[in-house]
Every structure is written in structure tokens, then in C-alpha cells.
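Listed here are the chains, written in short residue letters.
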Amino acid sequence: KNEVEQSPQNLTAQEGEFITINCSYSVGISALHWLQQHPGGGIVSLFMLSSGKKKHGRLIATINIQEKHSSLHITASHPRDSAVYICAVSRGDYGGSQGNLIFGKGTKLSVKP
Amino acid sequence: EAQVTQNPRYLITVTGKKLTVTCSQNMNHEYMSWYRQDPGLGLRQIYYSMNVEVTDKGDVPEGYKVSRKEKRNFPLILESPSPNQTSLYFCASSLSRGDVSYEQYFGPGTRLTVT
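To keep things clear, this report deals only with the structure shown in the data block. (Residues numbered from 1 in each chain as written. Chains lettered and ligands numbered in written order. Predicted model: local features only at pLDDT ≥ 70, side-chain atom pairs only at ≥ 80, totals over all residues. Heavy atoms only, no water.)

1. Thoughts on the overall build of chain A
Defined as follows: Put simply, DSSP marks the helices as runs of H or I at least four residues long and the strands as runs of E at least two long, and each gets a number from the N terminus on. All radius of gyration figures rest on C-alpha atoms, and the globule criterion is 2.2 Å times the number of residues raised to 0.38. By definition in these notes, contact holds between two residues if any of their heavy atoms fall within 4.5 Å. Here, Shrake-Rupley sampling with a 1.4 Å probe gives the accessible areas, and only protein chains in the shown set may cover a residue. Counting rule for charge: Lys and Arg are taken as positive, Asp and Glu as negative, and neither His nor the chain ends is counted. Positions of charges follow a simple convention, taking NZ of Lys, CZ of Arg, CG of Asp or CD of Glu.
On a plain count of helices and strands, chain A comes out with zero helices and 11 strands. Element order for chain A, N to C, with α for helix and β for strand: β-β-β-β-β-β-β-β-β-β-β. Computed over C-alpha atoms, the radius of gyration of chain A comes to 14 Å, within 12% of the 13 Å expected from 2.2 N^0.38 for 113 residues, which places it in the range of a compact globule. Across its three principal axes, chain A shows a C-alpha extent of roughly 45 × 25 × 25 Å. Across chain A, the fraction of contacts at a sequence separation of at least 24, relative to all contacts at a separation of at least 6, is 56%. Per element, the accessible surface of chain A, about 5300 Å² overall, is 50% carbon and sulfur. Measuring between centres, the 11 positive side-chain charges of chain A sit 4 Å from its 7 negative side-chain charges.

This is how it looks when you write it as C-alpha cells:
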């Protein structure tokens, strides 16, 4: 079983729809990261959070430490949001270094006009 | 401009021929890391460094070496590349303050093919 699981693997949405991508993890963490990988391959960091909720423009990320679960929401989706969204966690368990990152396999989002 | 640079961006080589992929950042970040990305397996961490002269293994360190002699550079060395090291490689950096994590900045990637 993977230590970081994302769902769904693939997601197709119509422009304007509200989108949710989920991430569950089974290890102790010091932080959780949401990344976006563009069709051209480049990776950018969207959020890094260890508790609560963060918002940036139309993107919202939440984390529930007790349930070991995080969600990434996109409001009023647009075709330019089409990308692969990747969840990653910085390990913080059993003396593991918070520099050790483990990744989910990503969610491929396609937003149709 | 704040950035992480990697060189080369594309490389085709033969089995056993030593190679180095360079990574450099201009943001004075303490933390640097190398990842590989493979279809169906996603991103996996190879090595990381919390600061100068401090390096640690990630989840897939076999066949790779790193060094962190200065803050801005973190080269990835393949002493004897094999075809199973054909992959897309990313370098990343971030601030690091004790046990506090910060967002990572990624390089553009290096596509390596080993024949």
C-alpha cells in the first residue's frame, strides 16, 4: 500500500465546475505539499500546509491532521487549470527527517471549455 | 530572477559512462533535493541535503551519489549509469529552519536516457 494515496487518478470537468482532489497519507508528517505539474513538465508549488486551510485565488487547500487527509479545491475551474496535481508529505515520524518527501501518484485534471 | 537551474536539460548516454547532472539555486536556500519521475511510479526522492556538508538518502538512492560542498550547488552523480536510470530528474530547493518546512522550488528537469 502506498503511503500517500490520491483520488481520483483522472478527472475531467467542464469549465466553471467546482473541483476537489483528495490526498490521504498513512505516515506521520511535518507538512503536506500540493504541487502542479504543467503539460510541459514544469513543477510549481501551490501550497505547503501543516494545519487548517490556505487559499490562493481560486485554489483552496485543507488538511485534517487527525484523519490524515487533505483536499485541494478549485473553484470556477478553467481550461488553464488542466495539469497534474501532486500531493507530497514531508515525513515527521519515527525520527524521520522532515527533508524526506514522499509523493502521491498525481491526479490528471482536464477542464473542457 | 530567483530560480533553480539544471544542466544538461537533455542527455543520452551509454551504460557505464559516468555522468554528472548539475543543480544550482540563487535563493540562498539551505535545503536541496533530487527526485526522479517515472510513468506509473510518480515522483520519488533520491537524495536530499538539509545544509552544506549534510546529505541523506531518500527512497531510491541506489546507483546515485551527491555532494553538497557549497550552499548553491547540489550535483547528482551517476558513477555507472544503467538503463533503469532512464528517467526525468528534478532538482528542488527550499528554505529550512529547524523542523519547519517551506515550499519547494523546482528546476526545469533533466531528461536522461541510458542506452
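Back to the text.
2. Considerations on the layout of surface pockets
Test applied: Note on definitions: the grid is 1 Å and covers protein atoms alone; a cavity is a set of points where a 1.4 Å probe fits but cannot get out; a pocket is an open set with protein on both sides within 12 Å along at least five of seven lines; lining residues have an atom within 4 Å of a point. Grid points are joined across faces, edges and corners, and a volume is the space filled by probe spheres set on the points. Each residue is assigned to one of three groups, with Ala, Val, Leu, Ile, Met, Phe, Trp, Tyr, Cys and Pro labelled nonpolar, Asp, Glu, Lys and Arg labelled charged, and all others, Gly among them, labelled polar.
Of the voids in this model, the largest pocket is the one considered here, and its volume is about 590 Å³. Surrounding the largest pocket, 29 residues form its lining, Gln37 and Gly41 of chain A together with Gln37, Leu88 and Arg111 of chain B being those nearest its centre. Of all the elements in the fold, those that place two or more residues in the lining of the largest pocket are strand S9 (83–91) and strand S11 (107–112) of chain A together with strand S4 (31–38) and strand S9 (87–94) of chain B. Grouping the amino acids of the lining of the largest pocket by side-chain chemistry returns 11 nonpolar, 13 polar and five charged. If you add up the space inside the second largest pocket, you get close to 240 Å³. Elements supplying a minimum of two residues to the lining of the second largest pocket: strand S10 (101–103) of chain A together with strand S5 (42–51) of chain B. Across the lining of the second largest pocket, the residue classes tally to six nonpolar, three polar and four charged.

3. Some details on the side chain of Gln104 of chain B
Formally: By the criterion applied in these results, polar contacts are pairs of N or O atoms within 3.5 Å in which, for protein atoms, one can donate a hydrogen and the other can accept it, and in which residues neighboring in sequence qualify only through two side-chain atoms.
As for its placement among the helices and strands, Gln104 of chain B is situated in the loop between S9 and strand S10 (105–106). Side chain to side chain, Gln104 of chain B and Tyr35 of chain B meet in a polar contact 2.8 Å long. Here Gln104 of chain B is in contact with His33, Ser45 and Leu101 of chain A together with Tyr31, Tyr35, Ala92, Ser93 and Ser94 of chain B, once residues within four sequence places are set aside.

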